[in-house]
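# Coordinates in review
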Protein chains: 2
Amino acid sequence: MTDKIPLSALDAAFLLAETRSTPMHVAGLQIFNIPQGAPRHFVSELYAHMRDQPVTAAPFNYQVAGGLAGRLQPSWEIRDNVDLDYHFRFSALPHPGGERELGVLVSRLHSIHMDLSRPLWEFHLIEGLQHNRFAVYLKMHHALVDGMQAMKLLTLSDDPPGGFAPPIWAANLGDRFAHVPQGEGLLRRLPSIVRRELDALPSLARGVSTVAQAALGVSRDRDLTTVGQAPRTIFNAKISGQRRVATFLTSLNRVKEIGRAAGGTVNDVVLATCSGALRRYLEAQGQLPEKSLVAAVPVALSRDGGGAAGNAVTNLMARLGTDVADVRRRFDIILRSSDAGKKHLRDMTEAAALNYTMIVAAPAMLAVWMPELVEFTPPMYNLIISNVPGPREKIHFHGAELAAMYPVSQVAQGQALNMTVISYMDQLAFGFVACRDSVPSIQRLSGCMAESLDELESTFLPSGAARRVKGARPKERTPRKARGAAKAARKMPSKRPARSSRSR
Amino acid sequence: MTDKIPLSALDAAFLLAETRSTPMHVAGLQIFNIPQGAPRHFVSELYAHMRDQPVTAAPFNYQVAGGLAGRLQPSWEIRDNVDLDYHFRFSALPHPGGERELGVLVSRLHSIHMDLSRPLWEFHLIEGLQHNRFAVYLKMHHALVDGMQAMKLLTLSDDPPGGFAPPIWAANLGDRFAHVPQGEGLLRRLPSIVRRELDALPSLARGVSTVAQAALGVSRDRDLTTVGQAPRTIFNAKISGQRRVATFLTSLNRVKEIGRAAGGTVNDVVLATCSGALRRYLEAQGQLPEKSLVAAVPVALSRDGGGAAGNAVTNLMARLGTDVADVRRRFDIILRSSDAGKKHLRDMTEAAALNYTMIVAAPAMLAVWMPELVEFTPPMYNLIISNVPGPREKIHFHGAELAAMYPVSQVAQGQALNMTVISYMDQLAFGFVACRDSVPSIQRLSGCMAESLDELESTFLPSGAARRVKGARPKERTPRKARGAAKAARKMPSKRPARSSRSR
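Residues numbered from 1 in each chain as written. Chains lettered and ligands numbered in written order. Predicted model: local features only at pLDDT ≥ 70, side-chain atom pairs only at ≥ 80, totals over all residues. Heavy atoms only, no water.

### With respect to the overall build of chain A
- Of regular secondary structure, chain A possesses 14 helices and 15 strands.
- Residues classed as buried in chain A amount to 64% of the 504 residues present.
- Pairs at least 24 residues apart make up 79% of the contacts formed inside chain A by residues separated by at least 6 positions.
- Accessible surface, chain A as shown: approximately 18900 Å² in total, 51% of it carbon and sulfur. (Helix = DSSP H or I, 4+ residues; strand = E, 2+ residues; numbered from the N terminus. Buried < 20%, exposed > 50% of the residue type's maximum accessible area, 1.4 Å probe, protein only. Contact = heavy atoms within 4.5 Å. Areas by Shrake-Rupley, 256 points an atom, 1.4 Å probe, with all protein chains shown as cover.)

Now the structure itself:
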């Protein structure tokens, strides 16, 4: 132990928010193809090789000073003797080693709390995945990295041509990663809003939507969805500490083609696919509300817009049209709601955006310590749907190709489901995380996603859908077969959705 | 949820004692041989078969009422819809699937807290174990079962001849297992001693040994080891929540032969083997104290002795002679100390035995909430060495032979190492559990055990040791090869050591 680095107020808030029911870690799940002609025990040799390299790189040698006792006034200490065997773990899938077994293992790993008296990361190397593949599950505490930094860390496994990079915990990261105190700008002030809102609790409970709308001077734009319009759903429940994780993989080109035909962006098609899937899933559970679900979509406001500050992250409130059976009408609702939301955010002053972000985030922060709150306050929104840009080029790791990369995010009190999507090459990879106790059979959501996307395609691109049925398109959810697909350079929507979990 | 069953005061104390650093669960690790000619995916078929059978049997459907909120005045509720997929888990070992990989997995599983809002058990079926074997790790919270009940549950996997029993959570256990409120007799009064000792804290810190010796009216028998004679060791440290587990397997006949030649019981040879191993291990760490280590050996006092009550469980304090290099002299010290301890316990009145048990147990109970206590009070003893009788007959489970069965017990604040041994057929199987942070490289203790037993054998049975060197004796620690060994009916030492963890 040598140096001490103070935690920002926001990072400290993430530590304070760690309870049995709300562990504050995020993770990435990567699937690799074992190279052709690799030795029989490639993965265990990789494990032995990586295990030889001690932990020397920040933030993998950061530890909260004083353990739990330091939680109220925390700072980071740098450890020079990190117990690598604790953080770097070798696991295997039982027979038959398919997507189901991987999902069960990742659900378990994601349900286990981190030990706050050690550096706040775990790297799990997982062998025994069908079709000559292996997986990496990298888990980090939210106090250590935000979503975007975690994404950078995942891509640090990228080996240079003709050479192997050291493991991320031993890499000299240089400019590629710098641990800066988080919580600049808007976010820095979150903990004080928590205190302020605690004082204002009775009025918050009476009608948070009125307060919020008054604070924002909301216009009467009927397409604009703002806080307080979301119905109660099974997702807006008190959560336990156990998680289930599911995934869905599709092609970015396919989504783009649908978007072009329907007159929307990639993000609009993502929202429409999620909407159709949620409608199917909730209907099957007998839990579809009469009112449309509202999604919070994290967006980074651009400075060029003349509005809020550069680091401002806020939520676009998107009405999902889950109350409408017709696919075209549903897509139209999403399009108009999302356009109105973007216009609204553009027009907002910095101060108004600040209030808005805080009012949206406060109930989730409060509910950490008062889970019962979610039972007597209306949800601000029903779930977070987050779209994070990932790498466009193929990534290699010790000769193994990265076949797919899924986000595994967090849920919160009153927010029992999270849907996050990452792009990689021509892929869009969705990770769904849910509270095991309040959201039943989350794995069914993957099937609903496939059906919903088919439905969008057959509505807007009937010829494309016909091609797909005839088998000319690579099958969804089988990453190995999709490898040959064109590396389309992805144009992200200009609002650049990012830092999903920060904006809660 | 239907019925409510109150927890005994002691069971409630076990729930209250659950902290991040001191999870209160115990476990058993069983190794099975896959039957000859079994289908290729025998273990996953077994998993699928067992997974079909819902949880209907007590105590597997017991849950603490009200979750964490109910901890201060807890009672059990019976659940009729237990989520079997949560409790019954299928895992696999990574390559090469040897004893090392099994140890790593079990160490991890034993470090994970139980979810107190669900029934307090987990059944892990583990495939991928070398030499055509699989493993079962069964974990239960101490509030649900004591050590002896857990042992009964493990043997419930025993199939009747020519048929298969349902899994333990679906079995009609009838007379074989009845969940009786625990904590009858002596143990029932433990929580009150905690309160009493809290009042007396300053005097306890000043000199617990004086208090204890005065209370007991200890004679001047120089062989009698009682409280307050144990040196400080690395085992008597503040513990974290992370565990490491190691095992050692030997033959009961071999231990008996050494005991006969040396003039001691099986239990004396067990203590002598542990003593030699601890001496080697501590010496290698540069941590061997000048004074002898003192082990607490849980014993059930027999009613026939005319002394304490039938359910009385107390600790025999055994001086281990770790300060003596000579094997014969060390054995003699153990023999005399253990005999004096037995005589002392026999002569004690019930009231004195009660005081004695409480005085010995109190510091460990206090330290749960005040871990710093262990840093300024002397240890009452250095570690617990517990000997639990197991089944004598071969056990089968769906056609698979039980090849070995290891205990995986608990550690406590100030008691960072536990050594427990179970007998099964001709085997003595040791399970060592240690705090990962205060006891380094616990797996080396297994090697030290083998060397210590060899040393005892070559001292007391030079001809037997010569036979072993020539290879006539089955190799230690390879359960499959030991299978052919004679099923010697085991005569347990008359004091019947039992219920290890209850007596802490």
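### A look at the environment of Ser337 of chain B
All names here are of chain B.
- Position of Ser337 among the secondary structure elements: in helix 10 (residues 327–347).
- Judged by its relative accessible area of 1%, Ser337 falls in the buried class.
- As a C-alpha pair, Ser337 and Gly321 span 16 residues in sequence and 9.5 Å in three-dimensional space.

### Thoughts on the interface of chain A and chain B
- The partner chain B presents 31 residues to the 30 residues of chain A that form the contact.
- The largest contributions to the chain A side of the interface with chain B come from Arg20, His95 and Arg108 of chain A, which together make up 26% of the buried area.
- For the interface between chain A and chain B, the tally reads 4 salt bridges.
- Notably, a salt bridge pairs Arg118 of chain B with Asp437 of chain A, separated by 2.4 Å at the nearest N-O pair.
- Scanning the region where chain A abuts chain B turns up 16 residue pairs in polar contact (both at pLDDT 80 or more).
- For the side of chain A that touches chain B, the elements supplying multiple residues, two or more each, are helix 2 (42–51), helix 3 (84–87), strand 5 (88–92) and helix 4 (99–111) of chain A.
- In terms of residue count, strand 5 of chain A provides more of the side of chain A that touches chain B than any other element does, 4 residues in total. (Buried area = accessible area lost by both parts, 1.4 Å probe. Salt bridge = Lys/Arg side-chain N within 4 Å of Asp/Glu carboxyl O. Polar contact = N/O pair within 3.5 Å; in protein donor to acceptor, adjacent residues only side chain to side chain.)

### Overview of the confidence of the model for chain A
Residues and elements named next belong to chain A.
- Summarising the model, chain A shows a mean pLDDT of 75, and 62% of its residues fall at 70 or more.
- Note on residues 174–220: pLDDT under 50 across the span, and 80 contacts to partners over four residues away in sequence or across chains.
- Note on residues 471–504: pLDDT under 50 across the span, and 98 contacts to partners over four residues away in sequence or across chains. (pLDDT = per-residue confidence, 0-100.)

### Quick notes on the packing of aromatic side chains
Residues and elements named next belong to chain A.
- The tally for this structure, following the rule as stated, stands at 30 aromatic pairs over all chains.
- Relative to Trp169, the ring of Phe88 lies with its centre 4.9 Å away and its plane at 45°, an arrangement referred to as tilted. With Phe88 in strand 5 and Trp169 in the loop between helix 5 (147–155) and helix 6 (190–199), this residue pair connects regions lying 81 residues apart in the sequence. This pair shows no difference in class: Phe88 is buried, exactly as Trp169 is.
- Chaining the aromatic ring pairs together yields one cluster made of Tyr47, Phe60, Phe88, Phe90, Trp121, Phe123 and Trp169.
- In this structure, Arg89 packs its charged tip against the face of Tyr86, placed 4.6 Å from the ring centre.
- Taking the ring centre of Tyr86 as reference, the NZ or CZ of Arg118 above it sits at 4.3 Å. (Phe/Tyr/Trp six-rings, centres within 6.5 Å; stacked < 30°, edge-to-face > 60°. Lys NZ or Arg CZ within 6 Å of the ring centre and 35° of its normal.)

### Some remarks on helix 9 (residues 266–284) of chain B
All names here are of chain B.
- Here helix 9 contains 19 residues, and its C-alpha end-to-end distance of 27 Å stays within 8% of the 27 Å for a straight helix at 1.5 Å per residue.
- Judged by how many residues are buried, helix 9 sits mostly within the fold: 16 of 19 residues are covered.
- A distance of 3.3 Å separates the backbone nitrogen of Asn267 from a side-chain oxygen at the start of helix 9, and that oxygen is part of Thr265.
- With its phi angle positive at about 65°, Gly286 sits one or two positions after the end of helix 9. (Expected span 1.5 Å × (residues − 1).)

### Describing the pairing of strand 13 (residues 400–408) of chain A
Residues and elements named next belong to chain A.
- Buried residues dominate strand 13, accounting for 9 of its 9 residues.
- Where strand 2 (residues 25–33) meets strand 13, 7 bridges bridge the pair, whose relative direction is antiparallel. Along strand 13, the bridge assignment pairs Gly28 with Pro407. (Pairing = 2+ DSSP bridges.)

### A look at the relation of the copies chain A and chain B
- For the pair chain A and chain B, the superposition axis carries a translation of 0.0 Å, the fit reaches an RMSD of 0.0 Å, and the rotation angle comes to 180°. Both copies of the chain, as the preceding transformation shows, are related through a two-fold rotation axis. Residue Ala92 of chain A, judged by its C-alpha, is the member of chain A lying nearest the rotation axis, at 2.6 Å.
- A share of 100% of interface residues in chain A that are also interface residues in chain B marks the association as one of identical surfaces. (Least-squares fit on C-alpha atoms with pLDDT ≥ 70 in both.)

### Section: the packing of helix 9 of chain B against helix 13 (residues 444–460) of chain B
All names here are of chain B.
- The interhelical angle for the contact between helix 9 and helix 13, taken along N-to-C directions, is 125°, at an axis separation of 8 Å. As summarised for this structure, helix 9 and helix 13 are arranged oblique, according to the angle between their axes. Between helix 9 and helix 13 the crossing geometry is right-handed. For the pair helix 9 and helix 13, contact is made by Val269, Ala272, Thr273, Cys274, Gly276, Ala277, Leu278, Arg280 and Tyr281 and by Arg444, Leu445, Cys448, Met449, Glu451, Ser452, Leu453, Glu455 and Leu456, respectively.
- Taken together, the residues that form the contact of helix 9 with helix 13 break down as 11 nonpolar, 3 polar and 4 charged. (Axes fitted to C-alpha atoms, helices over the stretch in contact; angles between N-to-C directions. Parallel < 35°, antiparallel > 145°, perpendicular 65-115°, else oblique. Left-handed = near helix turned anticlockwise from the far one by under 90°. Nonpolar A, V, L, I, M, F, W, Y, C, P; charged D, E, K, R; others polar.)

### Concerning unusual backbone geometry
- Between Ala58 of chain B and Pro59 of chain B the backbone carries a cis peptide bond, its omega angle lying at 0°.
- Note that Pro59 of chain B resides in the loop between helix 2 (42–51) and strand 3 (62–64).
- Note that the residue after His95 of chain B, namely Pro96 of chain B, is joined by a cis bond; omega there is 5°.
- As for its placement among the helices and strands, Pro96 of chain B is situated in the loop between strand 5 (88–92) and helix 4 (99–111).
- Look at Ser441 of chain A: it is not a glycine, yet its phi comes out positive at around 50°.
- Position of Ser441 of chain A among the secondary structure elements: in the loop between strand 15 (427–435) and helix 13 (444–460).
- Residue Ser441 of chain A is classed as buried on the basis of its relative accessible area, which comes to 15%.
- Residue Met425 of chain B is not a glycine yet carries a positive backbone phi of 50°.
- Here Met425 of chain B falls in the buried class, since its relative accessible area comes to 11%.

### What to know about helix 13 of chain A
- In this model helix 13 of chain A runs 25 Å from its N-terminal to its C-terminal C-alpha over 17 residues, within 8% of the 24 Å that 1.5 Å per residue would give.
- Within helix 13 of chain A the residues assigned to the buried category are Leu445, Ser446, Cys448, Met449, Ser452, Leu453, Leu456, Glu457, Thr459 and Phe460 of chain A.

### Structural notes on the environment of Val64 of chain B
- Topologically, Val64 of chain B is positioned in strand 3.
- Owing to a relative accessible area of 2%, Val64 of chain B belongs among the buried residues under this scheme.

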